[in-house]
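One-letter residues, chain by chain:
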Amino acid sequence: MRLATELGRWKAALTVYRRPSVMAMLFLGFSAGLPFMLVFATLTAWLREFDVSRTAIGFFSWVGITYSIKFIWSPVVDRLPLPGLTRWLGRRRAWILLGQIGIAAGLTGMAFTDPQAALWPVALCALLVAFSSATQDVAIDAFRIESDIDRYQGALAAAYQMGYRLAILVSYTGALYLAELLNWQLAYLTMAALVGVGVTTVMLRPEPVPEIDRTSARREPRAVAFARRHPEMPGWMRHTGAWLIGAVACPVTDFFGRFGRFALVMLGLVASFRITDIAMASMANPLYIDLGYSKAVIANISGAYGLAMTIIGALLGGALTARFGLLRPLLAGAILAAGTNLLFAWMAGQGGATWALVLTISADNLSGGIAGSVFIAWLSSLTSTTYTATQYALFSSLMTLPGKFLSGFGGLAVDTLNYPVFFVISAAMGLPAICLIMVIMRHAARRETVDAGPLRDGQ
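Since this is a predicted model, take the numbers as computed values, not measurements.

The rules behind these values
Residues numbered from 1 in each chain as written. Predicted model: local features only at pLDDT ≥ 70, side-chain atom pairs only at ≥ 80, totals over all residues. Heavy atoms only, no water. Helix = DSSP H or I, 4+ residues; strand = E, 2+ residues; numbered from the N terminus. Buried < 20%, exposed > 50% of the residue type's maximum accessible area, 1.4 Å probe, protein only. Contact = heavy atoms within 4.5 Å. Phe/Tyr/Trp six-rings, centres within 6.5 Å; stacked < 30°, edge-to-face > 60°. Lys NZ or Arg CZ within 6 Å of the ring centre and 35° of its normal. Axes fitted to C-alpha atoms, helices over the stretch in contact; angles between N-to-C directions. Nonpolar A, V, L, I, M, F, W, Y, C, P; charged D, E, K, R; others polar. Salt bridge = Lys/Arg side-chain N within 4 Å of Asp/Glu carboxyl O. Parallel < 35°, antiparallel > 145°, perpendicular 65-115°, else oblique. Patch = residues over 30% accessible without salt bridge, like charges linked within 9 Å, V, L, I, M, F, W, Y side chains within 5 Å. Areas by Shrake-Rupley, 256 points an atom, 1.4 Å probe, with all protein chains shown as cover. pLDDT = per-residue confidence, 0-100. Core = buried A, V, L, I, M, F, W, Y, C linked by side-chain atoms within 4.5 Å. 1 Å grid on protein atoms, 1.4 Å probe; cavity = no way out; pocket = protein on both sides within 12 Å on 5 of 7 lines; lining within 4 Å. Points joined across faces, edges and corners; volume = space filled by probe spheres on them.

Student: I keep staring at the overall build of the protein and nothing clicks. Help me out?
Tutor: In terms of regular secondary structure, the protein is built from 24 helices and zero strands. Evaluated residue by residue, the protein yields a buried proportion of 49% over its 459 residues. The long-range fraction of contacts in the protein, counting pairs at least 24 apart against all pairs at least 6 apart in sequence, stands at 82%.

Spelled out as structure tokens, the structure:
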């Protein structure tokens, strides 16, 4: 009887993937992931084939800065209505559609450029694709968070991750095959046509209607009124200042207003959760090469097989969130993410055995999928529905910045020490996140009110 009850609970948890809001995120995740490789790895392969210098190709990587600074214009996406489109589709779908139009236009433009004749048209079109893609990301994140309650955010994040990963496979492996069989122009035109997957989803799904946080809604008018009570300033300056306070300052003060000083603990977790996996990522492929694995083996096991394990992990993470809430799966994900780095340290001493690579990739990608979907769900629960896009863009930037900075020292650490020591150190970098989650769990347990907000364990 007990086993049957537990199986019934898991079956109910897995049915979360049949929710229309969750299914929609699969296709919107595909829309978000499609442009990424087309302005990075796929583009560099195209440019190098046309004998573009490596120096010039390196400069093209600067296009990716747009993804790291999207929080700068996220208040505009959060607050500014688009003439005509917002009235027709709503504020979230309108911005998603505008981003998709920009992506399709940029990819089409890239298809009709000639890198051998001039690079600047390629660069301008790639910049349009990257900027439009980053804008679409901001709007999709807000759409996802507002589409359903906290308990289903893990499943929404898992579906989004699965769609995103599939899009990367299509836009890299698929585009390379098309370029080999046909040509680069048709490859990029095909990718532009696939933007229609996201456009169709936007047209079919309704605009989410979130419940506005009343405390946040009361706090903002007081701040804006304060900015307007300065008659000595020109009118345009007062209105601009009031808008900036409402769109930029209020999202930050709202977060600290809701959580007080404990917000610093939560921001500490946001900044530290992904350090352990991002910091080691720069040395994973060099380790494979130094151990003697062929490019074909790396592509098959780390690429295709690893993708499958990540998708399984993401789906499992969504089910765990629906079954157990947010905090316990979050703790498990942090432990797994740090622990699997120790497998890389172990693999470094296995002399290039294929079975060791399979075991390590299986554990690393499975745990990464679980940790990723649960962490995105937890981040989503921290946002206020009044400032969804702005706050999540800030969180996502803080989430990756420390790990990206530390990853730059990965090669120096390996040369100075060795691979096993480096991966043990990267595993230890996950300990602060584990400790912070335990602090948050104890804090949540002490709360006496029923409505514990984002700190609630979801039971």
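Student: Just checking my understanding: could you explain the packing of aromatic side chains for this structure?
Tutor: The geometry of an aromatic ring pair is captured by two quantities: the separation of the ring centres and the angle between the planes. Summed over the entire model, instances satisfying the criterion amount to 16 aromatic pairs. On the numbers, 6.3 Å between centres and 15 degrees between planes, the contact of Tyr419 with Phe423 is stacked. On the criterion of helical spacing, the pair formed by Tyr419 and Phe423 is a turn pair, its members being four residues apart in helix H23 (residues 419-428). Each ring, one from Phe422 and one from Phe423, has its centre 5.0 Å from the other, and the planes form 70 degrees; the classification is edge-to-face. Here the guanidinium or amino end of Arg144 rests over the ring plane of Tyr392, the centre of that ring lying 5.0 Å away.

Student: Can you help me understand the packing of helix H9 (residues 120-147) against helix H10 (residues 153-181) in this one?
Tutor: Between two packed helices, both the angle of their axes relative to each other and the distance between the axes serve to describe the pair. The interhelical angle for the contact between H9 and H10, taken along N-to-C directions, is 145 degrees, at an axis separation of 10 Å. Residue-level contacts link Asp137, Ile140, Arg144 and Ile145 of H9 to Gln153, Leu156, Ala157 and Tyr160 of H10. In terms of residue class, the contact of H9 with H10 is made up of five nonpolar, one polar and two charged.

Student: For this particular structure, what's the right way to read the pattern of salt bridges?
Tutor: Pairs can form between side chains of opposite charge once their charged atoms are near each other. In this structure the tally under the stated criterion is eight salt bridges. Across the pair Asp148 and Arg19 runs a salt bridge, and its minimum N-O distance is 2.9 Å. Taken together, the residues Asp148 in the loop between H9 and H10 and Arg19 in the loop between helix H1 (2-14) and helix H2 (20-38) connect sequence positions 129 residues apart. Arg92 is paired through a salt bridge with Asp78; the nearest N and O atoms lie 3.0 Å apart. Of the two residues, Arg92 sits in helix H8 (residues 91-111) while Asp78 sits in helix H6 (residues 74-79), which places them 14 residues apart along the sequence. Neither Arg92 nor Asp78 differs from the other in exposure class; each is buried.

Student: Help me out: how do you make sense of the packing of helix H19 (residues 327-347) against H23 in this one?
Tutor: With their axes 8 Å apart at the nearest point, H19 and H23 run at an angle of 175 degrees to one another. Relative to H23, H19 is oriented roughly antiparallel. Taking contact as the criterion, the partners of Ala338, Asn341, Leu342, Phe344 and Ala345 in H19 are, on H23, Pro420, Phe423, Val424, Ser426 and Ala427. Partitioning the contact of H19 with H23 into residue classes produces eight nonpolar, two polar and no charged.

Student: For this particular structure, what's the right way to read a nonpolar patch on the surface?
Tutor: Together, Phe59, Trp62, Ile65, Ile69, Phe71, Ile72, Val252, Phe256, Leu264 and Leu394 give the surface a local cluster of nonpolar side chains, amounting to about 920 Å² of exposed area. Along the chain, the position of Ile69 falls in the loop between helix H5 (65-68) and H6.

Student: Teacher, can you tell me more about the confidence of the model for the protein here?
Tutor: Low-pLDDT stretches of the model should not have their predicted coordinates read in fine detail. Residues with a pLDDT of 70 or more make up 84% of the protein, whose mean pLDDT is 82. This stretch, residues 455-459, has a pLDDT under 50; its non-local contacts, to residues over four places away or in other chains, come to 21 contacts.

Student: Help me understand the nonpolar core in this model?
Tutor: The nonpolar side chains of a soluble globular protein tend to be buried with one another. Met25, Leu43, Leu107, Met110 and Tyr188 are the most contacted members of the largest nonpolar core, which has 61 residues in total. Looking at this core element by element, the count peaks at 11 residues for H9. Among all residues touching Leu107, those that are not within four sequence positions of it are Leu38, Val129, Tyr188, Met191, Ala192 and Val195. Counting 33 residues, the second largest nonpolar core, distinct from the first, contains Phe259, Leu330, Ala377 and Leu379.

Student: Mind showing me how you'd approach empty space enclosed by the protein here?
Tutor: Over the atoms rolls a probe the size of a water molecule, and in doing so it shows where empty space is left. Tallied over the entire structure, the rule returns one cavity of 30 Å³ or more. Quantified by volume, the largest cavity comes out at close to 30 Å³. If you trace the largest cavity, you find it lined by Phe30, Ser31, Leu34, Pro35, Ile103, Leu194 and Val195. Looking at which element gives the most residues to the lining of the largest cavity, the answer is H2, with four residues. Along the lines of polarity and charge, the residues of the lining of the largest cavity split into six nonpolar, one polar and no charged.

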